[in-house]
Amino acid sequence: MSGAWGTVAALDGEYALIRMDDSGCGRCREPGGCGGSNAASFLCRAPRTFRVPNPEHRVIGERVRVRVAEGAIGHGALHAYASPLLALLIGALAGSTLADEAGAIVGAVAGLLVGWAGLRRAQRRNTGDPRFQPSIKS
């Protein structure tokens, strides 16, 4: 499981609003670390807050580890990046065979829209799936 540390900022029924402490894996200053936390703090200064199920009834101010199941991040990245890009390329190729450059442009836009629709569908499908939901661990 992948995870990051955060603090319970508020409670919302059976959910806790977790304010994340840092970005990335936390190995930024270690040898082999990518420095992603430094880039994330430069690009986004607002604290990241997530709504996570709170079955153990954690309290405000408690430091918790938010975890995501193995494969969930890769699965999400595949849907978010690869699927729309592949749909765009297929649309552009199909459009170019039908109507040259103008067809390629229209096909690319149509492919991107199809890829976006597929991404939304996958998001709705995975919203209720516990394998893709973050959880609080001690």
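Refer to the structure printed above.
Just so it is clear, the structure is predicted and the values come from calculations on it, not from any experiment. For every chain, the first residue of the written sequence is number 1, and numbering continues from 1 along that sequence. In keeping with the predicted nature of the model, local features appear solely for residues at pLDDT of at least 70, side-chain atom pairs appear and are counted solely at 80 or more, and the whole-chain, interface and lining totals rest on all residues. The basis for every side-chain value is the complete set of heavy atoms in the structure, and neither hydrogens nor water enter the calculation.

A. Spotlight on the overall build of the protein chain. When helices and strands are counted, the protein chain shows two helices and five strands. Every residue pair with non-hydrogen atoms within 4.5 Å of one another is taken to be in contact. Sequence separation of 24 or more characterises 70% of the internal contacts of the protein chain that already satisfy a separation of 6 or more. Surface accessibility follows the Shrake-Rupley procedure with a 1.4 Å probe radius. Residue values consider only the protein chains on display as shielding. Working note: accessible area of the protein chain is about 9400 Å², and carbon and sulfur atoms make up 63% of it. Runs of H or I in DSSP of at least four residues are treated as helices and runs of E of at least two as strands, each being numbered from the N terminus.

B. Up close: the pattern of salt bridges. When a carboxyl oxygen of Asp or Glu lies within 4 Å of a side-chain nitrogen of Lys or Arg, that pair is called a salt bridge. For the structure shown, the criterion picks out three salt bridges. For E56, the salt bridge goes to R58, with nearest N and O atoms at 2.5 Å. Here's how the labels work: a residue is buried when its accessible area is under 20% of the maximum for its type, exposed when over 50%, partly exposed in between, all with a 1.4 Å probe on protein chains only. For E56, a relative accessible area of 46% puts it in the partly exposed group. For R58, a relative accessible area of 9% gives the class buried. The residue E62 makes a salt bridge to R58 at a minimum N-O spacing of 2.8 Å. The exposure class of E62 is partly exposed, given its relative accessible area of 26%. Each of E56, R58 and E62 takes part in salt bridges that share partners, so that together they form one network.

C. Structural detail: the pairing of strand β2 (residues 15–20). Every second residue of β2 is oriented toward a common face, the buried set being A16, I18 and M20 and the non-buried set Y15, L17 and R19. Here a strand pair is declared whenever DSSP counts at least two bridges between the two strands. Note that β2 and strand β3 (residues 49–53) share five bridges and pair antiparallel. Each bridged residue has a counterpart across the sheet, and for A16 the counterpart in β3 is V52.

D. Up close: the packing of aromatic side chains. Two aromatic rings, drawn from Phe, Tyr or Trp (for Trp, its six-membered ring), form a pair once their centres lie within 6.5 Å of each other, and the interplanar angle then sorts them: stacked below 30 degrees, edge-to-face above 60, tilted otherwise. Within the structure shown, the criterion is met by zero aromatic pairs. As a reminder, the over-ring test applies to NZ of lysine and CZ of arginine, requiring each to be within 6 Å of the ring centre and within 35 degrees of the ring normal. The side chain of R51 reaches across the aromatic face of Y15, ending 3.8 Å from its centre.

E. Seen up close, the nonpolar core. A4, V8, A16, I18, M20, V52, V64, V66 and I136 form the largest nonpolar core, which has nine residues in total. Top element by residues in this core is β2. It accounts for three residues. To form a nonpolar core, buried Ala, Val, Leu, Ile, Met, Phe, Trp, Tyr and Cys residues must be joined to one another through side-chain atoms within 4.5 Å.

F. Quick look at unusual backbone geometry. A positive phi angle, near 55 degrees, is found at H57, a position not held by glycine. Looking at the element boundaries, H57 is found in the loop between β3 and β4 (63–68). Taking relative accessible area as the criterion, H57 reaches 52% and is therefore assigned exposed. At D100, a residue that is not glycine, the phi angle is positive and equals roughly 55 degrees.

G. The arrangement of helix α2 (residues 72–127) in detail. For α2, built from 56 residues, the straight-helix expectation of 82 Å at 1.5 Å per residue is missed by more than 12%, its first-to-last C-alpha distance being only 12 Å. In this analysis the local bend is the angle between axes fitted, respectively, to the seven residues ending at and the seven residues starting at the residue. Where α2 bends most, the angle comes to about 150 degrees, and this point is A99. What a helix is expected to span follows from its residue count: subtract one and scale by 1.5 Å.

H. Structural context of the side chain of N126. Tracing the sequence through the fold places N126 in helix α2. If near-sequence neighbours (up to four positions away) are discounted, N126 is found in contact with H75, F132 and Q133.

I. View of a nonpolar patch on the surface. Taken together, the side chains of I105, V109 and L113 define a hydrophobic patch exposed on the protein surface, amounting to about 290 Å² of accessible area. Residue placement: V109 occurs in helix α2. Only residues above 30% relative accessible area that lack a salt bridge enter a patch, with like-charged residues linked at up to 9 Å and the nonpolar side chains Val, Leu, Ile, Met, Phe, Trp and Tyr linked at up to 5 Å.

J. Region of interest: the environment of R67. Note that R67 resides in strand β4. R67 sits in the partly exposed class, given a relative accessible area of 23%. In sequence terms R67 and I136 are 69 residues apart; their C-alpha atoms lie 6.3 Å from each other.

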